[in-house]
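Structural features, examined
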Amino acid sequence: MRIAVEGCMHGELDNVYATILYIEKLHNTKIDLLICCGDFQAVRNEHDLESLNVKPKYRSMNSFWKYYSGQEVAPIPTIFIGGNHEASNYLWELYYGGWAAPNIYFLGFAGVIKFGNIRIGGLSGIYNAYHYNLGHYERPPYNESDIRSIYHVREYDVYKLLQVEEPIDIFISHDWPRAITDYGNWKDLVRRKSFFEKEIQEGTLGSKAAEELLDKLKPPYWFSAHLHCKFPAIVQHGEGGPITEFLALDKCLPGRQFLQILEIESGPGPYEIQYDEEWLAITRKLNSLLPLTKKSVQFGDQKVDIQDDRHWVANKLKVRGSKPFDFTQTVPSYKPSQSISNNFSSGYCRNPQTELFLQFLGLPYLLDGTRESQTQIQCPMPLNSGEASYHASDNDGEYSAIDDVDEIEGLAEAGDVET
């Protein structure tokens, strides 16, 4: 199986797919899957731009809307996770994962799926200690604080991934696992990106959550993006233990190292995206614990028994099959010839894929809960007792570590250019 891995997409689907098709033609080969490591920017229309944490003057429709509307179709199956520059309102509709467009699958805020017999896991967002133990309290339309915190990784999603026991073949995260630079040529990295040096020396560059998952899951391959450079590393887990080949990639720009082709042993197919039985059982077991407020919740390292849920899920999959529910448009797509109606609300919309997914697992819909002021749109088309009393203030304070490399690169280059 040949897999193309891409760093930060930034909405440049046309250019990435054109590059892949060029490689296929040049080398007379077939690429079976594209994996994108975040900043995908699944922007469907002008209203989605309001949920994109990018300075207004840099907000652009780019090319995803063509694939959402059906004007274009992704030439190969595509899987992506979220980063810190996303149409977060749309990704929240697909919190558990789902088709963002035909042949383009969002892995969810955390998730595991199968492609053929290859297991692919992923964690969306970036790590920020200030919000890590809080619930998913943000709801669209986002204020100036929420539009930044919505993409910060939460412990609940990491806790779910830590329950995975069966081998993961590929894992993807947007930011790098913390201390991954210890396993590669960090001096060369600093020569290229001098503003990383302080955090590398302090041991704070990267995600604590991703580091924990790397230590637990030990996948053969781990891919990341976010820091806009190519960086390889080899991690051996203990003396004589398994090895993880780590690779970070750049964003899609001419002359940048944003794409890598990987050949991995696999079964004969069919090569299609399917639900993962173990992950569905974990989701079913832990969904009632999904925190949706600003309260701090500590999950710790407690393991849960999913055997009953695993048996239940296996029986359901035998009847229905493992293919994800079909893609459904939930809002009007961008039309270059006209502006979207001002009467269209940019609030929260229940996605039919998510509703069907939860019904399939026998779970209630929770994603629009907890906020009395939240308005739901009719679309046109046991740990809880451990909650602490701490509440984050409405003013979210300082963001630690490298949160937005675009802004940092701009300052480093002393120019007002969004990179």
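Residues numbered from 1 in each chain as written. Predicted model: local features only at pLDDT ≥ 70, side-chain atom pairs only at ≥ 80, totals over all residues. Heavy atoms only, no water.

One pass over the structure, following the stated rule, counts zero disulfides. Of the cysteine sulfurs around Cys229, a residue in no disulfide, the closest is that of Cys8, at 9.9 Å. Classification of Cys229 as buried rests on a relative accessible area of 3%. Cys252 carries a free sulfur, and the closest cysteine sulfur to it, the one in Cys36, is 9.6 Å from it. (Disulfide = S-S within 2.5 Å. Buried < 20%, exposed > 50% of the residue type's maximum accessible area, 1.4 Å probe, protein only.)

It is worth spelling out helix 9 (residues 277–286) at this point. With seven of its 10 residues buried, helix 9 lies for the most part within the structure. Turning to helix 9, its buried residues are Glu278, Trp279, Leu280, Ala281, Ile282, Thr283 and Leu286. Where helix 9 is buried, its residues meet strand 6 (110–115), strand 7 (118–123), helix 5 (155–162), strand 13 (273–275), helix 10 (307–320) and helix 11 (352–360). Between the side-chain oxygen of the N-cap and the backbone nitrogen of Glu278 there are 3.3 Å, and the N-cap of helix 9 in question is Asp276. (Helix = DSSP H or I, 4+ residues; strand = E, 2+ residues; numbered from the N terminus. Contact = heavy atoms within 4.5 Å. Polar contact = N/O pair within 3.5 Å; in protein donor to acceptor, adjacent residues only side chain to side chain.)

For the rest of this paragraph, the subject is the packing of helix 9 against helix 10. Remark: helix 9 packs on helix 10, axes separated minimally by 8 Å, with the N-to-C direction vectors making an angle of 120°. The pairing of helix 9 with helix 10 is recorded here as oblique in orientation. Note that helix 9 runs across helix 10; the crossing there is right-handed. When helix 9 is examined against helix 10, the residues Glu277, Glu278, Leu280, Ala281, Arg284 and Lys285 are found in contact with a partner set consisting of Asp309, Arg310, Trp312, Val313, Ala314 and Leu317. Here the residues of the contact of helix 9 with helix 10 are counted per class, giving six nonpolar, no polar and six charged. (Axes fitted to C-alpha atoms, helices over the stretch in contact; angles between N-to-C directions. Parallel < 35°, antiparallel > 145°, perpendicular 65-115°, else oblique. Left-handed = near helix turned anticlockwise from the far one by under 90°. Nonpolar A, V, L, I, M, F, W, Y, C, P; charged D, E, K, R; others polar.)

The omega angle of the peptide bond from Pro140 to Pro141 is -5°, so this bond is cis rather than trans. If you trace the backbone, Pro141 turns up in the loop between strand 7 and helix 4 (146–149). Despite not being glycine, Asp39 shows a phi value in the positive range, around 50°. For Asp39, the location among the structural elements is in the loop between strand 2 (33–36) and helix 2 (64–69).

Evaluation of the coordinates by the stated rule reveals 20 salt bridges. Measuring nitrogen to oxygen at the nearest pair gives 2.7 Å for the salt bridge that ties Lys303 to Glu165. Placement of the pair is Lys303 in the loop between helix 9 and helix 10 and Glu165 in the loop between helix 5 and strand 8 (170–173), with a sequence separation of 138 residues. Judged by relative accessible area, Glu165 falls into the exposed class, the value being 52%. Residues Arg350 and Glu355 are paired through a salt bridge, measuring 3.6 Å at the closest nitrogen-oxygen approach. Linked by salt bridges that have partners in common, Arg44, Asp48 and Glu93 make up one network. (Salt bridge = Lys/Arg side-chain N within 4 Å of Asp/Glu carboxyl O.)

Contact geometry for helix 5 and helix 8 (residues 208–217): axes closest at 10 Å, N-to-C directions at 5°. In terms of their interaxial angle, helix 5 and helix 8 are classed as roughly parallel. Contacts between helix 5 and helix 8 involve Val158, Leu161 and Leu162 from the first element and Ala209, Glu212, Leu213, Lys216 and Leu217 from the second. Grouping the amino acids of the contact of helix 5 with helix 8 by side-chain chemistry returns six nonpolar, no polar and two charged.

This part is about helix 8. Looking only at helix 8, the buried set comprises Ala209, Ala210, Glu211, Leu213, Leu214 and Leu217. Structurally, helix 8 contributes buried residues whose contacts are with strand 7, helix 5, strand 8, strand 9 (221–224), strand 10 (231–236) and strand 11 (243–248). Sitting at the amino-terminal end of helix 8 is Ser207, which places a side-chain oxygen 3.3 Å from the backbone nitrogen of Ala209. Within two residues after helix 8, Lys218 carries a phi angle of roughly 50°, on the positive side.

Working definition: the strands of a sheet are paired by backbone hydrogen bonds and lie parallel or antiparallel to each other. Read from one edge to the other, the open sheet built from seven strands follows the order 10-11-9-8-7-6-13, with strand pairing classed as mixed. Only two strands of the sheet have a single neighbouring strand rather than two, namely strand 10 and strand 13. This sheet shows a mean twist of 25° between the axes of neighbouring strands, independent of strand direction. Relative to strand 11, strand 10 runs antiparallel, the two sharing six bridges. Bridge pairing links Ala233 to Phe246 in strand 11. (Pairing = 2+ DSSP bridges.)

Here we come to the pairing of strand 1 (residues 2–6). Within strand 1, four of the five residues are buried, which leaves it mostly tucked inside the rest of the structure. Pairing analysis gives five bridges linking strand 1 to strand 12 (residues 259–263), with the strands arranged antiparallel. Each residue of the ladder has a partner; that of Arg2, found in strand 12, is Glu263. Bridging between strand 1 and strand 2 involves four bridges; their strand directions are parallel.

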